[in-house]
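# Coordinate analysis (summary)
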Amino acid sequence: MRQFTAIVNPTAGGSASAAALLQVARQLREAGAGLETEYSRSLDHARELARDAGRRGRVVLAVGGDGIAGGIGGALSGTDALLGLVPAGRGNDFARALNLPADPTALAQVLLHHEPRNVDTIEVESAVHHRTVVLGSVYAGVDALANRHANNATLLRGAASYYAGGLRAVTTWRAARYRVTVDGVDHPHTGYTVVAANSGYYGSGRLIAPEARVDDGLLDVVMIREAPRRLFFALMNDLKTGAHVHRPQVSILRGREIRIEADREVPYGADGEVEAILPVTVRVLPGALRVLC
């Protein structure tokens, strides 16, 4: 029987993390599994707790949103440790890409009985974050600015905070000139954003890269070019279904190593947590993480 260590982010979704774990924990314990719970003081602390639990042969449960999932998943990347997700944040985009069930009973069955799946992770390298590893995507541009606004929102939660953050970011954004290098080939780009996606979803359920797969050894690079603001708002609406990929303002490339630079200070983010300024280099780490899904 599997032994679990749950690492809870007390701030993700308010009390949602504790509530989500409580429902799943009951199912795990009734099945005879061992479960210990650790509360993280920070993302770095969560990574330390995850590595320690992994070394002890326990299944590490990331309880919260994409930030803690990416932080813990990144810490376990390249090890034999098993990761399980208990989604309880605003976005839960990586859990969505893995098709994890929302029902606690069904999720407990996945954690107890399903075989692990090897998925890719993303190595992120920059002057600020010398090297870190995340799960879902790295995005540079208006979406990173929107995520910053969403993270600082006090009145709105969930998808509403992302939407409001997006509106605020777009109204103040001016197109940046990027230099995007994919596996050594330069692709000049002027526009709103560049996204290197392992998971198809980001920004609380927006399907930014419909063809992205978490186990294909590649990153999908989505570039949204300069366009009138009214068209960009329509394009944002298309992200609900992935229909934006058919617009001429959207280009998609695939590669293993992507470097993103810009002609001014452009923010980038990763999994809703990492925040810094370009340039950044990202690399796919094929099959580096074992996940129960």
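Please read all numbers here as calculations on a predicted model, not as lab measurements.

### A look at the environment of Leu253
Along the polypeptide, Leu253 turns up in strand S13 (residues 250-255). The class for Leu253 is partly exposed, based on a relative accessible area of 23%. Separated by 31 residues in the primary sequence, Leu253 and Val222 have C-alpha atoms spaced 6.7 Å apart. Setting aside anything within four residues of it in sequence, one finds Leu253 in contact with Val182, His187, Leu219, Asp220, Val221 and Met223.

### Some thoughts on the nonpolar core
Of all hydrophobic cores here, the largest spans 47 residues; its most connected members are Tyr178 and Val282. Those residues in contact with Val282 that lie beyond four places of it in its chain are Ile122, Glu123, Val124, Val138, Ala196, Leu219, Arg256, Glu257 and Ile258.

### Structural notes on the pairing of strand S12 (residues 219-225)
Counting buried positions along S12 gives 6 out of 7 residues, so the element sits mostly inside the fold. Across 6 bridges, strand S9 (residues 185-197) lies against S12 in antiparallel orientation. The residue of S12 that forms the bridge with Ala196 is Val221.

### Details of the packing of helix H1 (residues 16-30) against helix H5 (residues 104-113)
In contact at an axis separation of 9 Å, H1 and H5 are set at 50 degrees when each is read in the N-to-C sense. Here H1 lies oblique to H5, going by the angle between them. Viewed along their axes, H1 and H5 form a crossing whose handedness is right-handed. The residues of H5 that touch H1, namely those facing Gln23, Val24, Gln27 and Leu28, are Pro104, Thr105, Leu107, Ala108, Leu111 and Leu112. Looking at the contact of H1 with H5 residue by residue, the classes come out as 7 nonpolar, 3 polar and no charged.

### Comments concerning helix H8 (residues 229-238)
When we look at burial in H8, the residues that qualify are Phe232, Leu235, Met236 and Asp238. Angular distribution of buried residues about the axis of H8 spans 150 degrees; they occupy a single face of the element.

### Remarks on the pattern of salt bridges
Summed over the entire model, instances satisfying the criterion amount to 15 salt bridges. Residue Glu36 is joined to Arg56 by a salt bridge in which the shortest nitrogen-to-oxygen separation is 2.7 Å. On the criterion of sequence distance, the pair formed by Glu36 in strand S2 (residues 34-39) and Arg56 in the loop between helix H2 (43-55) and strand S3 (59-64) is long-range, its members being 20 residues apart. Classification of Glu36 by relative accessible area gives partly exposed; the value is 24%. For Glu261, the salt bridge goes to Arg259, with nearest N and O atoms at 3.8 Å. Through salt bridges with shared partners, a single network forms among Glu123, Glu125, Arg131, Glu257 and Arg283.

### Examining the packing of aromatic side chains
Given two aromatic rings, their pairing is described by the distance between the two centres and the angle made by the two planes. Per the stated rule, a full pass over the model turns up 2 aromatic pairs. Between Tyr139 and Tyr202, the ring centres sit 5.7 Å apart and the planes meet at 75 degrees, which makes this aromatic pair edge-to-face. Residue Tyr139 is located in strand S7 (residues 137-141), and its partner Tyr202 is located in strand S10 (residues 201-202); the two are separated by 63 residues in the primary sequence. Tyr139 gets classed as buried once you look at its relative accessible area, which sits at 5%. Here Tyr202 falls in the buried class, since its relative accessible area comes to 9%.

### Some remarks on unusual backbone geometry
In this structure, Pro279 follows Leu278 across a cis peptide bond, with omega equal to 15 degrees. As for its position among the elements, Pro279 is in the loop between strand S16 (274-277) and strand S17 (280-292). With a phi close to 60 degrees, Asn99 is a non-glycine residue in the positive phi region. Here Asn99 is to be found in the loop between helix H4 (93-97) and H5. A positive phi angle, near 65 degrees, is found at Ser204, a position not held by glycine.

Conventions we followed
Residues numbered from 1 in each chain as written. Predicted model: local features only at pLDDT ≥ 70, side-chain atom pairs only at ≥ 80, totals over all residues. Heavy atoms only, no water. Helix = DSSP H or I, 4+ residues; strand = E, 2+ residues; numbered from the N terminus. Buried < 20%, exposed > 50% of the residue type's maximum accessible area, 1.4 Å probe, protein only. Contact = heavy atoms within 4.5 Å. Core = buried A, V, L, I, M, F, W, Y, C linked by side-chain atoms within 4.5 Å. Pairing = 2+ DSSP bridges. Axes fitted to C-alpha atoms, helices over the stretch in contact; angles between N-to-C directions. Parallel < 35°, antiparallel > 145°, perpendicular 65-115°, else oblique. Left-handed = near helix turned anticlockwise from the far one by under 90°. Nonpolar A, V, L, I, M, F, W, Y, C, P; charged D, E, K, R; others polar. Arc of directions from axis to C-beta. Salt bridge = Lys/Arg side-chain N within 4 Å of Asp/Glu carboxyl O. Phe/Tyr/Trp six-rings, centres within 6.5 Å; stacked < 30°, edge-to-face > 60°.

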